[in-house]
Amino acid sequence: MNSGKSGIQSILGAGGAVGRHLANHLSSYAGKVRLVGRNPKRIRTADDVVQADLLNPEAVMMAVAGSDVAYLVAGLPYKTDIWEHSWPIIMENVLRACAAHRTRLVFFDNVYMYDPDSLNGMDETTSFRPVSKKGAIRAHIAQMLMEAVEQGQLEGLIVRSADFYGPSLVGLSILTEIVFNNLAQSKKAQWLGSVQNRHSFTYVPDAAHATSFLGNTDSAYNQVWHAPTPVPTPTGAEWVHDIAAHLGVQPKFRNVSKNMVGLLGLFNSQMKELYEMMYQYDRDYVFDSQKIEKHYGLIATPYQKGIQTIVESDYLPSS
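Cut-offs and rules
Residue positions are counted from 1 within each chain, in the order its sequence is given. With the structure being a predicted model, the display of local features is reserved for residues of pLDDT at least 70 and the display and counting of side-chain atom pairs for 80 or more, all residues being used for whole-chain, interface and lining totals. Hydrogen atoms and water are omitted, and side-chain values are computed over all heavy atoms in the structure. Centre distance within 6.5 Å is the pairing criterion for rings of Phe, Tyr and Trp, where only the six-membered ring of Trp is used; planes under 30 degrees apart are then read as stacked, over 60 as edge-to-face, and the remainder as tilted. Criterion for a charge above a ring: Lys NZ or Arg CZ within 6 Å of the ring centre, and within 35 degrees of the ring normal. Between the N-to-C directions of two axes lies an angle of 0 to 180 degrees, each axis being a line fitted to C-alpha atoms and, for a helix, fitted only over the stretch in contact. Segments assigned H or I by DSSP are reported as helices when at least four residues long, segments assigned E as strands when at least two residues long, and all are numbered from the N terminus. Angular relationships are summarised with four words: roughly parallel below 35 degrees, roughly antiparallel beyond 145, roughly perpendicular across 65 to 115, and oblique for the angles in between. Crossing chirality is assigned from the near helix's rotation relative to the far helix, an anticlockwise turn below a right angle marking it left-handed and a clockwise turn marking it right-handed. What makes two residues a contact is simply this: any of their non-hydrogen atoms within 4.5 Å. For this scheme, ten residues count as nonpolar: Ala, Val, Leu, Ile, Met, Phe, Trp, Tyr, Cys and Pro. Four count as charged, namely Asp, Glu, Lys and Arg, and the remainder, Gly too, count as polar. Relative accessibility decides the category of a residue: with a 1.4 Å probe and only protein chains considered, values under 20% of the type maximum give buried, values over 50% give exposed, and everything between is partly exposed. When DSSP finds two or more bridges between two strands, those strands count as paired.

Another aspect to go through is the packing of aromatic side chains. A complete count under the given rule lists 13 aromatic pairs for this structure. Across from the ring centre of Tyr78, 4.9 Å away, lies the NZ or CZ of Lys134, which sits over that ring. Taking NZ or CZ as reference, Lys291 lies 4.2 Å from the ring centre of Trp225, over its face.

Spelled out as structure tokens, the structure:
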């Protein structure tokens, strides 16, 4: 049962990859969409824009006020020290504000906390066993939310995504940065780990659609959902070949091993941050979203269609 189109729904961290798509989807549900961030930009003329630092409890309290639903979709710089400092504060501020204003909370999460031995077929029941600092942080803030739900402080839910891909994700998708962009420039694609391993990617428009739908579906609350993600899951080699075919180039690639990432990390801060996450690329990484399909019929965009849309949007000359 959906809540219907009324009231205010607020996006906390509206400038990120998911937030931009989410705003468009929420216009079908909310009387007003409020975009909250340090430097939020209006997406539709009817949107409210609220400048707020999510690290500031008073600012968060004011930003959430009057909201029926708040969506925490913020993306922080990919640095462990920033995550360690900022994520617990942000989650605490948002939980307090939502509890005070009787606002439902939808948190957009990743899979960094999952047991590395259970990545081949991970679903909403997969156990937590983080082996990275970033994973431990994500486990902690997810547990903060679910404990608040269990204690009756608020209604909330978590939407989890695999690594994501989609149009216009400059600097936000590893698939864009090291495969799409390289091939489009007639360079060799880079693939982390073995190209024989399977690796799921969630299409950002699908993730945003699912997040808006779940946030407006009463029966979805107080549990975890995986965003729609296609099956079967391609191998790295299949990803490179399919993207190259749509770009009309040769599927040339090179493997980037964990040792190479470690070496590059001596000179490149992004590679240094990626090193602890390389366990996700040395095995099959298969994301299971059957739950949302079974309960609500939400089906993922096929990979071939997603790739085609990205190529047409980002790499072909506009007519």
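Right, picking up where we left off after that structure.
This part is about the packing of helix H5 (residues 174-184) against helix H7 (residues 236-247). Two elements in contact, H5 and H7, have axes separated by 9 Å at closest approach and are oriented at 45 degrees. With respect to each other, H5 and H7 are oriented oblique. Between H5 and H7 lies a crossing whose hand is right-handed. Within the contact between the two elements, H5 uses Leu175, Val179, Phe180, Leu183 and Ala184 and H7 uses Trp239, Val240, Ile243, Ala244 and Leu247. Counted by class, the contact of H5 with H7 contains ten nonpolar, no polar and no charged residues.

Before going further, it helps to examine the environment of Ser186. Looking at where Ser186 falls in the secondary structure, it is placed in the loop between H5 and strand S9 (189-192). A relative accessible area of 66% means that Ser186 is categorised as exposed. Sequence separation between Ser186 and Asn110 is 76 residues, and the spatial gap between their C-alpha atoms is 32 Å.

Moving on: the packing of H7 against helix H11 (residues 303-314). Viewed as axis vectors pointing N to C, H7 and H11 meet at an angle of 45 degrees, and their least axial separation amounts to 10 Å. Classified by the interaxial angle, the pair formed by H7 and H11 is oblique. Here H7 runs over H11; the crossing is right-handed. Along its contact with H7, which presents Trp239, Asp242, Ile243, His246 and Leu247, the element H11 presents Tyr303, Gln304, Ile307, Gln308 and Val311. Its residues assigned to classes, the contact of H7 with H11 shows six nonpolar, three polar and one charged.

What follows is about the sheet that holds strand S7 (residues 156-160). If you walk across this open sheet you meet the seven strands as S3-S2-S1-S4-S5-S7-S11, and the pairing is parallel. If you trace the sheet from one side to the other, it starts and ends with strand S3 (48-51) and strand S11 (224-226), each paired once. Put simply, the sheet's adjacent strands are angled 20 degrees from each other on average, direction ignored. Taken together, the three bridges between S7 and S11 define a ladder with parallel strand orientation. Residue pairing for S11: Ile158 is matched across the bridge by Val224. Against the sheet, helix H3 (residues 80-101) touches strand S1 (8-12), strand S4 (67-72) and strand S5 (104-109), its axis set at about 160 degrees to S5.

Let us now look at the side chain of Arg138. Following the sequence through the fold, Arg138 ends up in helix H4 (residues 133-150). Excluding its chain neighbours within four sequence positions, the residues that come into contact with Arg138 are Trp83, Trp87, Phe107, Phe108, Asp109, Asn110, Tyr112 and Met113.

Our focus in this paragraph is unusual backbone geometry. Excluding glycine, residues mostly have negative phi values, and the peptide bonds linking residues are mostly trans. Cis geometry marks the peptide bond from Val231 to Pro232, where omega comes out at -5 degrees. Looking at the secondary structure, you find Pro232 in the loop between S11 and H7. Despite not being glycine, Ser168 shows a phi value in the positive range, around 60 degrees. Among the structural elements, Ser168 can be located in the loop between strand S8 (164-165) and H5. Taking the relative accessible area as the measure of exposure, Ser168 reaches 43% and is therefore partly exposed. Although it is not a glycine, Asn222 sits at a positive phi angle of roughly 65 degrees. As for its placement among the helices and strands, Asn222 is situated in the loop between helix H6 (204-215) and S11. Using a relative accessible area of 38% as the deciding quantity, one classes Asn222 as partly exposed.

These values are about where atoms sit, not about what they do.
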